[in-house]
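Spelled out, the chains give:
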Amino acid sequence: MKKSDTEQIRAANRADLITALRVYGPIARVELGRLTQLSPATVTAITAELAEEGVILTRESPEARQGRGRPRVLIDLNPDRGCVLGLKLSINEVRLMLGDLKGHIVAESVVKVKTQSLDENSLNAELVRQADQFIDAHPGYRERLVSLGIAVQGFVDTHQGRVVWSPALNLRQANLTDALAEHFGCPVELANDANCIAYQIRRQPQHADTQNFAVIMIGYGVGGGLIVNGDVYSGHFGAAAEFGHTKYSHEGPQCACGKRGCIEAYIADYALYRDASAVMEVAATDRRHPSEKQMQKLTAKAREGDAYLTGLFTQAGRVLGYGIANLMALMSPERVVVTGPGIRAYDLMEAAVHEGIEEALVPELVGQATVEAWPWSEDMTGQGIIALALRHFR
Ligand SMILES: [Zn+2]
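Bear in mind the structure is a predicted one, so any value in this text is a computation, not a measurement.

Reading the values: the criteria
- Per-chain numbering applies: the sequence of each chain, read as written, is numbered from 1 onward.
- Restriction of local features to residues with pLDDT of at least 70 applies here, the model being predicted, together with a cutoff of 80 or more for giving and counting side-chain atom pairs; totals for whole chains, interfaces and linings are based on all residues.
- Side-chain metrics rest on all non-hydrogen atoms present in the structure, leaving aside hydrogens and water.
- Under the DSSP-based scheme used, a helix requires at least four consecutive residues in state H or I and a strand at least two consecutive residues in state E, with every element numbered from the N terminus.
- Exposed residues in this analysis have more than 50% of their type's maximum accessible area, buried residues have under 20%, and partly exposed residues fall in between, with area computed by a 1.4 Å probe over protein chains only.
- We call two residues in contact whenever any of their non-hydrogen atoms come within 4.5 Å of each other.
- In this listing, donors mean N, O and S atoms no farther than 2.8 Å from the metal, or 3.2 Å for Na, K and Ca; water is missing from the atoms, so a site can look incomplete.
- For four-coordinate sites, all angles between 85 and 135 degrees define a tetrahedron; for four- and six-coordinate sites, opposite donors beyond 155 degrees with the remaining angles between 65 and 115 define square planar and octahedral shapes respectively, and all other cases count as irregular.
- By the convention used here, strands pair only if DSSP detects at least 2 bridges between them.
- Axis lines are fitted through C-alpha atoms, for helices just across the contact stretch, and the angle between N-to-C directions can take any value from 0 to 180 degrees.
- The criterion is simple. A nonpolar core is a set of buried Ala, Val, Leu, Ile, Met, Phe, Trp, Tyr and Cys residues joined through side-chain atoms within 4.5 Å.
- Salt bridges, as used here, are contacts in which a Lys or Arg side-chain nitrogen is within 4 Å of a carboxyl oxygen on Asp or Glu.
- Residue ranges assigned to the domains are those given by an automatic or database domain assignment.
- In this description, buried area is defined as the sum, over both parts, of the accessible area (probe of 1.4 Å) that is lost when the two are combined.
- Polar contacts here mean pairs of N or O atoms no more than 3.5 Å apart (in protein, one a potential hydrogen donor and the other a potential acceptor; neighbouring residues in sequence count only if both atoms are side-chain atoms).
- For this classification, the nonpolar set comprises Ala, Val, Leu, Ile, Met, Phe, Trp, Tyr, Cys and Pro, the charged set comprises Asp, Glu, Lys and Arg, and every other residue, Gly included, is treated as polar.
- In this analysis, the expected span of each helix is defined as 1.5 Å times one less than the number of residues it contains.

In terms of helices and strands, the protein chain carries 13 helices and 16 strands. Each of the three principal axes of the protein chain carries a C-alpha extent, and together these read 70 × 55 × 50 Å. Expressed as a percentage of the 394 residues in the protein chain, the buried residues total 53%. Contacts in the protein chain between residues at least 24 apart in sequence constitute 62% of all its contacts with a sequence separation of at least 6.

Next up on the list: the coordination of the zinc ion. Surrounding the zinc ion are the protein donor atoms H245 (ND1), C255 (SG), C257 (SG) and C262 (SG), at 2.0 to 2.3 Å. Metal-centred angles of 101 to 124 degrees between the four donor atoms at the zinc ion mark the site as tetrahedral. If you list the donors of the zinc ion from N- to C-terminus, the spacing comes out as H-x9-C-x1-C-x4-C. Placement of H245 in the loop between β14 (231–232) and α8 (264–267) and of C262 in the loop between β14 and α8 is noted, with a sequence separation of 17 residues between them. On the basis of relative accessible area, H245 is assigned to the buried category, the value being 12%.

Two orientations exist for strands paired in a sheet by backbone hydrogen bonds: parallel and antiparallel. Pairing in this open sheet of five strands is mixed, and the strands run β14-β13-β12-β15-β16 from one edge to the other. Pairing within the sheet leaves two strands with one partner each, and these edge strands are β14 and β16 (370–373). Two elements, strand β12 (residues 213–218) and strand β15 (residues 335–339), share five bridges in a ladder whose sense is parallel. For A214, the partnering residue across the bridge sits in β15 and is V336. Against the sheet, helix α11 (residues 307–331) engages β12, β13 (222–228), β15 and β16, with an angle of about 160 degrees to β12.

Turning our eyes to something else, we now look at the nonpolar core. Counting residues in each nonpolar core, the largest one holds 47 residues, and the members touching the most others are I216, I267, L320, I324, M328 and V338. Every element with two or more residues in this core is listed here: β12, β13, α8, α9 (269–277), α10 (292–303), α11, β15 and α12 (346–360). Among the elements that take part in this core, α11 stands out by supplying 11 residues, more than any other. In contact with L320, not counting residues within four places along its chain, are I216, F243, I267, V338, Y346 and V353. Counting 41 residues, the second-largest nonpolar core is a separate cluster that includes L21, I46, I75 and I227.

A side chain of one charge can pair with a side chain of the opposite charge when the charged atoms of the two come close. Scanning the entire structure with this criterion turns up 21 salt bridges. As a salt-bridge pair, E49 and R14 come within 2.6 Å of each other at their nearest N and O atoms. Here R14 lies in helix α1 (residues 3–24) and E49 lies in helix α3 (residues 40–52), a separation of 35 residues in the sequence. Using a relative accessible area of 25% as the deciding quantity, one classes E49 as partly exposed. Between R162 and D157 there is a salt bridge, and its shortest N-O distance comes to 3.3 Å. Using a relative accessible area of 8% as the deciding quantity, one classes D157 as buried.

Looking at chain direction, strand β5 (residues 93–100) and strand β6 (residues 105–111) are connected through six bridges and run antiparallel. Looking across to β6, one finds that M97 is bridged to E108. Linking two consecutive strands that pair antiparallel, namely β5 and β6, is a turn of four residues; a positive phi of about 95 degrees is found at G103 within it.

A separate point is unusual backbone geometry. In this structure, P26 follows G25 across a cis peptide bond, with omega equal to -5 degrees. Counting through the fold element by element, P26 comes out in the loop between α1 and β1 (27–28). A cis amide bond links A240 with the next residue in sequence, A241, at an omega value of 5 degrees. Within the secondary structure, A241 sits in the loop between β14 and α8. The phi torsion at N92 lies on the positive side, around 55 degrees, for a residue other than glycine. Along the chain, N92 falls in the loop between β4 (83–90) and β5. Unlike most non-glycine residues, S332 shows phi in positive territory, near 50 degrees.

This part is about the domain arrangement of the protein chain. Per the domain assignment, the segments of the protein chain are domain 1 (3–77), domain 2 (83–199 + 381–390) and domain 3 (210–375). Using C-alpha coordinates to define each centre, domain 2 is positioned 27 Å away from domain 3. On the side of domain 3, 25 residues touch domain 2, which itself brings 18 residues to the contact. A buried area of about 1500 Å², summed over both sides, lies between domain 2 and domain 3, and 61% of it is on carbon and sulfur atoms. Looking only at domain 2, the three residues that lose the most surface to domain 3 are F155, N195 and A198, adding up to 30% of its buried area. Joining domain 2 to domain 3, the criterion identifies three residue pairs in polar contact (both at pLDDT 80 or more). Counting residues per element, the side of domain 2 that touches domain 3 draws most heavily on helix α7 (residues 193–202), at six residues. Looking at the side of domain 2 that touches domain 3, its residues break down into 10 nonpolar, six polar and two charged.

A word on α3. Because the α-helix completes a turn every 3.6 residues, residues three or four places apart line up on one side. Here α3 is 13 residues long and its end C-alpha atoms lie 18 Å apart, about the 18 Å a rise of 1.5 Å per residue gives. Downstream of α3 by one or two residues, G54 has phi in the positive range, about 80 degrees.

Printed below as a string of structure tokens:
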């Protein structure tokens, strides 16, 4: 074996240990070995190195204090050994977040930025200015900065650091990483919101062993994230996985992306609201963004038994089911997780989702993967981009 191979394996083992500590810490050394499937000798060698660098801290477990047997030593990441800065871009708003080495968000702030009217240079200059101001408000963090992460809705080329298209911007092919990377002298990770959420779900202890799964985000749009062999799969061109813009019908309704018949054009909030407004009086709304309150109202009306609305949600469920069937046929995932603000109406869609899967998929493949609804929280995107940025800490 070449020396570089040994070094690469050691670096990969070290990264695995750090990730496992982030998910499970504080934890005993023997458990860490079991979870990472590394040998006791490897775990001891790497943890000794990490302790020397101040990356991990050790403490005795509470059981030891109660005098039951030998003291058990738990190890954990030292949260203060490094930090990352996350930026979440939405329409005319940027959320700034500081994450510690454990991935916890320790400070955040929301600022108004005219994301829809600035050109590429001005937007980059404004992001640098806001990031500077935010980190200066938290003394001691700039020195420990490992990397930055930017989360944005829409099509993203994660390799090139470019936002190909986003509802938050009026720009196409805008590079948002180079200016920040140069200014802060560290790597900048760019990801779309669905990939942030997929990675965040992957980090939950109950999913940390799941190597291959898909996450579908429904709500203001429809997004997808793939976890392949334990990591976010962004594809050769860095733009995977645009589940929402795969097609259901070639002559279907208009989608926000400009094409027709996309899955999103049946399921997204704007699609449901548009279709509802065609036959009933609904409050006027911002052209593409019905509010959460308006969507709640629509959902409540369907639950009360309005036949047209229940039909709309059933159709959305069936379309989602067809999309999931395609994913299952293509990827053979262990599970498919559905989340996002649109999960508010999942009870109205669920039966049709399963019908759609059964209609679309060869019987032998039905039931192999589980479909699971995951409760939605607005914070998942922010936590996900912090976690993605932390992959640069090695
Ligand atoms: Zn589309």
